[in-house]
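Listed here are the chains, written in short residue letters.
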Amino acid sequence: MILSKVVMSNNKIYPLRIDVKILELLGPSLYTSIYYVLAELVANAYDASAENVYIIIRDNEIIVEDDGTGMSYDKDITKYLGVAEETRVTEADSIIKVGSIERRKMGRKGIGKLAALSVSENVLVKTIKNKDKSGFILSRKVDKSKNLKPLSDNEISFEKISNHGTAIVMQEPQYDIHKTIKAIKNNLIKFFPMAGEMFKVHIVTTSGTEIIDDFNTSMITGLGSLITLGDKYKFLSRHFNFDSFIEKENHKNLLKKKEVFCKTIILKNKDGKEKKYILKIEGWIGTYKTISRKKSTEEDFPDNFISLLSNDKLGEFNILPSVGKERLLESYVIGQLHVDLFEETELPDMSLSNRQGYKDRDPRYIAVIDHVREKLLPEILKMRNLYADYKKAGADKIKKDANLRKEEELISAAKKYKKKASNAVISGLSNFINKDDASAKKIIDEAINNTTELMGIKKEVDEAKKKILISHANIEKKDKLLSDLICQMLEFNNVPKDKIIYTSSDEEEHREPDGEDILDYLREFFVDTMSTDKIYVLYITSEEMSKRWNAVLEVGAGWITQGSHKIFNILDYDSETPHYEPQSPLKRGPRWHTSKIKDGIIHMDELSFDLFCVQMRTICEAINIVPKSKNANKTELTRLNVRDDLTLNFNQ
């Protein structure tokens, strides 16, 4: 078949010749995935007023069969074989009817029929309309006659239809497709959110059948935050599940129903005339609760994406690379945005030739990308952060409640232990009056051995406790600078984040739970506990610290509970004598660590530099954590820009 166009200038004729070899050149290169090909063929079925389309997958062929109107030999086949002839010229061309229901036509370019050639060298096209059967072989290679090889009536048979419809049979497919039917459905459903009672996609394999007949609500049930745009998509909120740890007053922060986004833009129509159009963005965008799922094969589409659709057909699968900043948080994002102005019939076609994207310089595309990048994506990412905060707060509450229950069990067990052990000892000794000490000792040992299982829970209580408190004045920048260093070095020496209390930390794991008073929180570790493991306190002392009430209370609490502690004192850099010394009741001992801070740099003399590394190791060993070597600590301190080049002239 030759497509030709005659261009005339004056009396000269310039015939434009396009050889049928174009099928061989374009066929294999039009599409990058089997799913795009299937989507194109399903869209053709949709435009043919089909109510059902069947994707039948076998070892040696893939069939896409529909119950649409079919094609007559006299009229429709000729039109079907017109490659690159625009199928939507007027508004009337854009509307198709299925019974009393109107659909907006998806196809436009007239090249969708070539999609199957991306999969197979030879594609059987079978069709029936008003009991009239037609069929031929669409091939990448056509002989000199330029006519496609016809199929005999005996070769024109169908799997699922009878009176009307079309079947596209891709023989010996050169694309792999997932063997699992649910995986095939998971990929295809991302292309057709309009599937419903009036248009069902049936996936048929040797292992069974799956039907896409409604919106994939599982995408919504797995979300932690959701924004819907427009009344058409408000129904999705019914499938949004709030986790039990989300307080009711916070629901509004994770589920938002917005109006359609509208923007007036001036565009040139196909006649070159400027006209005002309303660009509307409808649909939804959300973030997953978790991102545990991964692609099974290279053919599978990722689960994080923002798709652009127009007239209910996928136009571009993922604009995240264009609107995002490649942040880890973006791996939680999913969305489907509908912009029907992209397929407005009187405007120039902005789709790429392979239907896998849009021309990025089109004003319509730019307007959508700008809105998603500047407004929609930042808003949903903030909502995702809120979800993470609520989730952590819920987990912290569960953990705290569990620890409280264990403490209550421990108190109860302790009472039982004392009573049972005492009774056992008294009872045993009454039988051994005037006996030797060895017999009495044996009775006591046996009594204790028989009751120790009551105290087994103590280990769990001890392990759940925080191990280290960094007590500091959080106003002075220099106090926080040294506190940050100590916290960082503790983690360097294998201390888990959740074992450190540091209320001014930039990291949430160290701070007290959101909304909880710090003094009430600390009371659990200093006073209201059955654990005999005392929290290890690191006091960052300075003149400012002595004036801070909370810090003074922490010193007092540490003294009352007689817990272990270390002192890290800060002096005035410009002073030759100590500006502040740690005071009683802190056990200053023969030596405490001292540093000076100036211009954001911590300075220590050689002895303090060495002492700091020694104390890091001592603290870790005291809480049963194996630290790194002293040399490794010195190397890390140097890397963190801590100076050991200062001579401190004072006595400790």
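*Asks:* Any chance you could explain the overall build of the protein here in plain terms?
*Replies:* Regarding its fold elements, the protein presents 15 helices and 25 strands. The 652 residues of the protein split such that 48% are buried. A fraction of 70% describes how many contacts in the protein between residues 6 or more apart in sequence connect residues 24 or more apart. Summing over all exposed atoms, the protein offers an accessible surface of approximately 34100 Å²; the carbon and sulfur share of this is 49%.

*Asks:* Looking at this structure, how should I read the nonpolar core?
*Replies:* One broad rule of soluble globular proteins: the nonpolar side chains tend to lie buried together. Within the largest apolar cluster, 62 residues are counted, with the highest numbers of intra-cluster contacts made by Tyr-35, Leu-38, Met-170 and Trp-284. A per-element tally of this core places helix H2 (residues 34-47) first, with ten residues. Among the nonpolar cores identified, the runner-up in size contains 31 residues, and Ile-319, Met-350, Val-372 and Met-383 belong to it.

*Asks:* What is the right way to look at the sheet that holds strand S21 (residues 500-501) in this model?
*Replies:* Either a parallel or an antiparallel arrangement is found when strands of a sheet pair, and the pairing is made through backbone hydrogen bonds. Pairing is mixed in the open sheet, where six strands are placed in the order S21-S20-S22-S23-S24-S25. Looking at strand neighbours, the two that pair on one side only are S21 and strand S25 (601-603), the edges of this open sheet. Note: strand S20 (residues 468-471) against S21, two bridges, orientation parallel. Along S21, the bridge assignment pairs Leu-469 with Ile-501.

*Asks:* Help me understand the side chain of His-338, please; the structure alone is not making it clear to me.
*Replies:* With respect to the helices and strands, His-338 occurs in strand S19 (residues 333-338). According to the relative accessible area criterion, His-338 is buried, its value standing at 4%. Engagement of the side chain of His-338 in a polar contact is seen with the side chain of Tyr-233, the distance being 3.2 Å. If near-sequence neighbours (up to four positions away) are discounted, His-338 is found in contact with Pro-193, Tyr-233, Lys-280, Ile-281, Glu-282, Gly-283, Leu-309 and Asp-312.

*Asks:* Explanation requested: the packing of aromatic side chains in the structure shown.
*Replies:* Each aromatic ring pair is characterised by the separation of its centres together with the angle its planes make. Applying the stated criterion across every chain, the model contains eight aromatic pairs. Between Tyr-80 and Phe-136, the ring centres sit 6.3 Å apart and the planes meet at 55°, which makes this aromatic pair tilted. Taken together, the residues span a long stretch of sequence, with Tyr-80 in helix H3 (residues 76-80) and Phe-136 in strand S8 (residues 132-139) at a distance of 56 residues. With a relative accessible area of 17%, Tyr-80 lands in the buried category. Assessed through its relative accessible area of 8%, Phe-136 is described here as buried. Chaining the aromatic ring pairs together yields one cluster made of Phe-342, Tyr-358 and Tyr-365. The cationic tip of Arg-384 hangs over the ring face of Tyr-332; the distance from NZ or CZ to the ring centre is 3.8 Å. Its end group placed over the ring of Phe-492, Lys-628 keeps NZ or CZ at 4.1 Å from the ring centre.

*Asks:* How do you make sense of the packing of helix H14 (residues 606-622) against helix H15 (residues 630-639) when you look at a structure like this?
*Replies:* Packed helices, taken two at a time, are described by the angle between their axes plus the distance between the axes. Where H14 contacts H15, the axes come no closer than 9 Å and their chain directions differ by 120°. If you check the angle between H14 and H15, you find them oblique. Crossing hand, H14 versus H15: right-handed. Only Lys-630, Asn-633, Lys-634, Leu-637 and Thr-638 of H15 make contact with H14, whose side of the interface consists of Phe-609, Asp-610, Phe-612, Cys-613, Val-614, Met-616 and Arg-617. Across the contact of H14 with H15, the residue classes tally to six nonpolar, two polar and four charged.

*Asks:* Where do I start with the pairing of strand S24 (residues 593-598) in this structure?
*Replies:* Side-chain direction in a regular strand flips from residue to residue, so the side chains alternate between the two faces of the sheet. In terms of burial, S24 is a largely internal element, five of the six residues being buried. Of the pairings in the sheet, the one linking strand S23 (residues 565-571) to S24 comprises four bridges and is parallel in character. What sits directly across from Leu-571, in S24, is Lys-596. In textbook terms, the turn of a hairpin is the stretch between consecutive antiparallel strands, and for S24 and S25 this stretch comprises two residues, one of which, Asp-599, has a positive phi near 55°.

*Asks:* Please clarify how unusual backbone geometry should be interpreted in this entry.
*Replies:* Residues apart from glycine generally show negative phi values, whereas peptide bonds are mostly found in trans. With phi around 50°, Asn-130 is a residue other than glycine that occupies positive phi space. On the secondary structure map, Asn-130 appears in the loop between strand S7 (122-129) and S8. Looking at Asn-130, the relative accessible area reads 69%, which means it is exposed. Positive phi values are uncommon outside glycine, yet Asn-311 reaches one of about 55°. By secondary structure assignment, the location of Asn-311 is in the loop between strand S17 (305-310) and strand S18 (313-316). When its relative accessible area of 5% is taken as the criterion, Asn-311 is described as buried.

*Asks:* In this structure, what is going on with the environment of Ser-118? I would like to understand it.
*Replies:* Position of Ser-118 among the secondary structure elements: in the loop between strand S6 (101-104) and S7. Separated by 86 residues in the primary sequence, Ser-118 and Thr-32 place their C-alpha atoms 8.6 Å from one another.

*Asks:* Would you mind going over the sheet that holds strand S12 (residues 208-212) with me for this structure?
*Replies:* Strand order in the open sheet made by the eight strands is S9-S8-S7-S10-S4-S3-S11-S12, with mixed pairing throughout. Across the chains shown, the open sheet's two edge strands, defined by having one partner strand only, are strand S9 (149-150) and S12. Strand direction decides the pairing type here: S7 and S8, joined by eight bridges, are antiparallel. Residue pairing across strands places Lys-126 opposite Gly-135, the latter belonging to S8. Set on the sheet, H2 makes contact with strand S3 (52-57), strand S4 (61-66), strand S10 (165-171) and strand S11 (200-205); between it and S4 the angle comes to about 25°.

*Asks:* How should I be thinking about the pattern of salt bridges in this particular structure?
*Replies:* Pairing between side chains of opposite charge can happen when the charged atoms of each approach one another. One pass over the structure, following the stated rule, counts 20 salt bridges. Among the ionic pairs, Glu-491 bridges to Lys-497, the shortest N-O distance being 3.0 Å. Overall, Glu-491 belongs to the partly exposed group, its relative accessible area being 24%. Given the relative accessible area of 27%, Lys-497 is considered partly exposed. Of the charged contacts in the structure, one is a salt bridge between Arg-617 and Glu-621, with a shortest N-O distance of 3.7 Å. In this pair, Arg-617 and Glu-621 are both assigned in helix H14, four residues apart and thus about one turn of the helix distant. The network of salt bridges with common partners includes Arg-58, Glu-61 and Glu-159.

The rules behind each value
- Residues numbered from 1 in each chain as written.
- Predicted model: local features only at pLDDT ≥ 70, side-chain atom pairs only at ≥ 80, totals over all residues.
- Heavy atoms only, no water.
- Helix = DSSP H or I, 4+ residues; strand = E, 2+ residues; numbered from the N terminus.
- Buried < 20%, exposed > 50% of the residue type's maximum accessible area, 1.4 Å probe, protein only.
- Contact = heavy atoms within 4.5 Å.
- Areas by Shrake-Rupley, 256 points an atom, 1.4 Å probe, with all protein chains shown as cover.
- Core = buried A, V, L, I, M, F, W, Y, C linked by side-chain atoms within 4.5 Å.
- Pairing = 2+ DSSP bridges.
- Polar contact = N/O pair within 3.5 Å; in protein donor to acceptor, adjacent residues only side chain to side chain.
- Phe/Tyr/Trp six-rings, centres within 6.5 Å; stacked < 30°, edge-to-face > 60°.
- Lys NZ or Arg CZ within 6 Å of the ring centre and 35° of its normal.
- Axes fitted to C-alpha atoms, helices over the stretch in contact; angles between N-to-C directions.
- Parallel < 35°, antiparallel > 145°, perpendicular 65-115°, else oblique.
- Left-handed = near helix turned anticlockwise from the far one by under 90°.
- Nonpolar A, V, L, I, M, F, W, Y, C, P; charged D, E, K, R; others polar.
- Salt bridge = Lys/Arg side-chain N within 4 Å of Asp/Glu carboxyl O.

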